[in-house]
Amino acid sequence: MTGTFLYKKKKIGYKIRGEGNRNTIVLLHGFLETMNIWNNLGNKLSKDFQVISIDLPGFGKSELIESTHTMDLMAEVVNKVLVSHDVKKCMIVGHSMGGYVALAFAEKYPSKLRGLVLFHSHAKEDTPEAKVNRERSIKVIKSDRGNYIYHFMPDLFAPDNVEPFQAEIQHLIQEARNAATENVIAAQNGMKLRTDRQKVLMEATYPVMFIAGKQDSRIPIENIIEQAKLPKHSELIMLTEVGHMGFIEARVKTENIIQSFAHRVF
Ligand code: MLT
C-alpha cells in the first residue's frame, strides 16, 4: 500500500510492502532520488519481510518542510512513519544521504535498530573542502537546477557503466527534475550541517553492513574501509566496476547480499 501522512502540516509519502506481522526493513533513498529506486529490492525483500520505503522530505511525494532538511529532521520523519505503523524495531538500508539519515535515526533511537546497511554511505561529517563544494553546488542549483541534475547523475556511475545504464540514468534525471530548486537546496544544506556520527558506529549493538563501490566518486572508499572497523559486528562488501549506484550497477548481487544480511540480522 502507498500511504501519506502530515508532518508539520506537510505531506510525506511512503510505501509498505509485505505483511505487517513480519520483521521490518526500512529503505531510505539518497540525494535527488525517490523511494522508487528501491522498487526491485523492495519487491524481493517483501517475500519475507515487511518493507517500508519512504520519500525523504522534498523528494518524490514528500513536500518541503523547511529551508534546511537536517538529517535529524529526516530521521524524525522516519520515526513518525514507524510509530504510525506500530513498528518497534527495524533494519534500515540507507543509500548515501539515506545512510546519513539512518545514522541520525540510530543516534536518536538505538534500541529500535536490529541492523543497518550503509549503502555507499559513511559516518563522517563533510570536510571543509566538501562544505565549500556544497556552497558551490547550491549556487549552480539556484541558477540552473536542470543542468546541475543532468551532469550530476551520470557522475554517480562508474565510467564504464554510463553507456550501458543510459536508460536508467535518464529515468533518474527525470525523477530528480520533479524536485523543486528549494527542495534540492534543503537537502544540500542539511548534509552540509550534519555532524560526525562515528560514535554511533562504535556503540552499535546491532550488525552493520557497508556496501562500497571501488569507483565511487562521491564517497571515498578509504573512509568506508576505515569506518568498517568501528562497529563490534560489521561486514564490508567492496564492489568492483561499481560507482555510487550499486543497486543499479550490480543489482542482483546487491539485492542478494542485503537479503542474506537481513535473514542473519533478524
Ligand atoms: C547522495 O548520493 O545521497 C549524495 O551524493 C551524498 C552526498 O552528497 O554526500
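Here we summarise the structure given alongside this text. (Residues numbered from 1 in each chain as written. Predicted model: local features only at pLDDT ≥ 70, side-chain atom pairs only at ≥ 80, totals over all residues. Heavy atoms only, no water.)

## What to know about the packing of helix α4 (residues 128–155) against helix α6 (residues 181–193)
Threshold: Here the axes come from fitting lines to C-alpha atoms, over the contacting stretch only for helices, and the angles between their N-to-C directions go from 0 to 180 degrees. Helix numbers and strand numbers start at the N terminus; a helix is a DSSP run of H or I with at least 4 residues, a strand a run of E with at least 2. Any angle that is under 35 degrees is reported as roughly parallel, and any over 145 degrees as roughly antiparallel; angles of 65 to 115 degrees are reported as roughly perpendicular and all others as oblique. Residues count as neighbours in contact if any of their non-hydrogen atoms are within 4.5 Å of one another.
One way to put it is that α4 packs onto α6 with a least axis distance of 10 Å and a crossing angle of 170°. As summarised for this structure, α4 and α6 are arranged roughly antiparallel, according to the angle between their axes. On α6, the residues touching K131, R134, E135, S137, I138, I141, K142, R145 and Y148 of α4 are T181, V184, I185, Q188, N189, M191 and K192.

## Some remarks on the packing of aromatic side chains
Just so we agree on the cut-off: Within 6.5 Å between ring centres, the rings of Phe, Tyr and Trp (the latter by its six-membered ring) count as paired, and their orientation is classed by plane angle as stacked under 30 degrees, edge-to-face over 60, tilted in between. The cut-offs for exposure are 20% and 50% of the maximum accessible area for each residue type, with area from a 1.4 Å probe on protein chains only; residues under the lower value are buried, those over the upper are exposed, and the others partly exposed.
Going through the model one piece at a time under the given rule, you end up with 10 aromatic pairs. A ring pair is formed by W38 and F247, whose centres lie 5.5 Å apart and whose planes are at 50°; its orientation type is tilted. Within this pair, whereas W38 is found in the loop between β3 (24–28) and α1 (39–45), its partner F247 is found in helix α9 (residues 246–249), the two being separated by 209 residues in sequence. On the accessibility criterion, F247 (8% relative accessible area) is buried. Relative to Y109, the ring of F105 lies with its centre 5.1 Å away and its plane at 50°, an arrangement referred to as tilted. Looking at F105, the relative accessible area reads 0%, which means it is buried. Among the aromatic residues, ring-to-ring pairing joins F31, F59, Y148 and F152 into one connected group.

## A short note on the pairing of strand β8 (residues 234–239)
Applied cut-off: In this analysis, strands are considered paired if DSSP registers two or more bridges between them. With the strands pointing away from the viewer, any crossover whose connection runs clockwise from the first strand over the helix to the second is right-handed.
As judged from the six bridges shared by strand β7 (residues 208–213) and β8, these two strands associate in the parallel manner. From the neighbouring strand, G213 faces β8, where its bridge partner is L239. A crossover links β7 with its parallel partner β8, the connecting element being helix α8 (residues 221–227), and its sense is right-handed.

## Here's the deal with a nonpolar patch on the surface
Using the following cut-off: Patch membership is restricted to residues that have no salt bridge and whose relative accessible area is over 30%. Joining uses 9 Å for like charges and 5 Å for the nonpolar side chains Val, Leu, Ile, Met, Phe, Trp and Tyr. Note on areas: Shrake-Rupley, 1.4 Å probe, and residue coverage restricted to the protein chains presented here. We define a salt bridge as a contact between a side-chain nitrogen of Lys or Arg and a carboxyl oxygen of Asp or Glu at a distance within 4 Å.
A cluster of nonpolar side chains, contributed by I225, L236 and M238, occupies part of the molecular surface with about 220 Å² of accessible area. If you trace the backbone, I225 turns up in helix α8. The class of I225 is partly exposed, set by a relative accessible area of 33%.

## Focus: the nonpolar core
The condition is simple: The definition of a nonpolar core used throughout is a set of buried Ala, Val, Leu, Ile, Met, Phe, Trp, Tyr and Cys residues joined through side-chain atoms within 4.5 Å.
F31, L32 and M97 are the most contacted members of the largest nonpolar core, which has 92 residues in total. Contact partners of F31, with chain neighbours within four places excluded, come to F59, M97, Y148, F152, V184, A187, Q188 and M191.

## Things to note about the site of the ligand
Formally: Consider each residue's heavy atoms; a residue with any of them within 4 Å of a molecule or strand counts as near. As used in this structure description, the phrase polar contact means that two N or O atoms lie within 3.5 Å; if the pair is within protein, one of them must be able to donate a hydrogen and the other to accept it, and residues adjacent in sequence are counted only when both atoms belong to side chains. In the cavity and pocket records, a cavity denotes points on a 1 Å grid over the protein atoms alone where a 1.4 Å probe fits but cannot get out, a pocket denotes an open set with protein on both sides within 12 Å along at least 5 of 7 lines, and lining residues are residues with an atom within 4 Å of a point. If over half the atoms of a molecule are within 2 Å of the grid points of a cavity or pocket, the molecule is regarded as sitting in it. Each residue is assigned to one of three groups, with Ala, Val, Leu, Ile, Met, Phe, Trp, Tyr, Cys and Pro labelled nonpolar, Asp, Glu, Lys and Arg labelled charged, and all others, Gly among them, labelled polar.
Near the ligand you find G30, F31, S96, M97, Y100, R134, F152, M191, R218 and H244, and these make up its full shell. A distance of 2.9 Å separates an oxygen atom of the ligand from a polar backbone atom of M97. A distance of 2.8 Å separates an oxygen atom of the ligand from a polar side-chain atom of R134. Mapping the ligand onto the cavity grids shows that it belongs to the largest pocket. For the shell around the ligand, the secondary structure elements donating two or more residues are α3 (97–108) and α4. Along the lines of polarity and charge, the residues of the shell around the ligand split into five nonpolar, three polar and two charged.

## Side note on the pairing of β3
Consecutive side chains of a regular strand alternate in pointing toward one face of the sheet and then the other. Of all five residues in β3, five are buried, a share of seventy percent or more. As judged from the five bridges shared by β3 and strand β4 (residues 50–54), these two strands associate in the parallel manner. From the neighbouring strand, L28 faces β4, where its bridge partner is I54. Taken together, β3, α1 and β4 constitute a β-α-β crossover, and its handedness is right-handed. Inspection of the sheet shows β3 paired to strand β5 (residues 90–95) by five bridges, in the parallel sense. The partner of L28 across the bridge, within β5, is G94.

## Remarks on the sheet that holds β3
Here we have eight strands laid out as an open sheet, ordered β1-β2-β4-β3-β5-β6-β7-β8, and mixed in their pairing. Whereas interior strands pair on both sides, the edge strands pair on one side only; in this sheet they are β1 (2–7) and β8. The sheet shows a mean angle of 20° between the axes of neighbouring strands, direction not considered. As paired strands, β1 and strand β2 (residues 10–17) are joined by six bridges and run antiparallel to one another. Looking at β2, one finds that L6 is bridged to K11.

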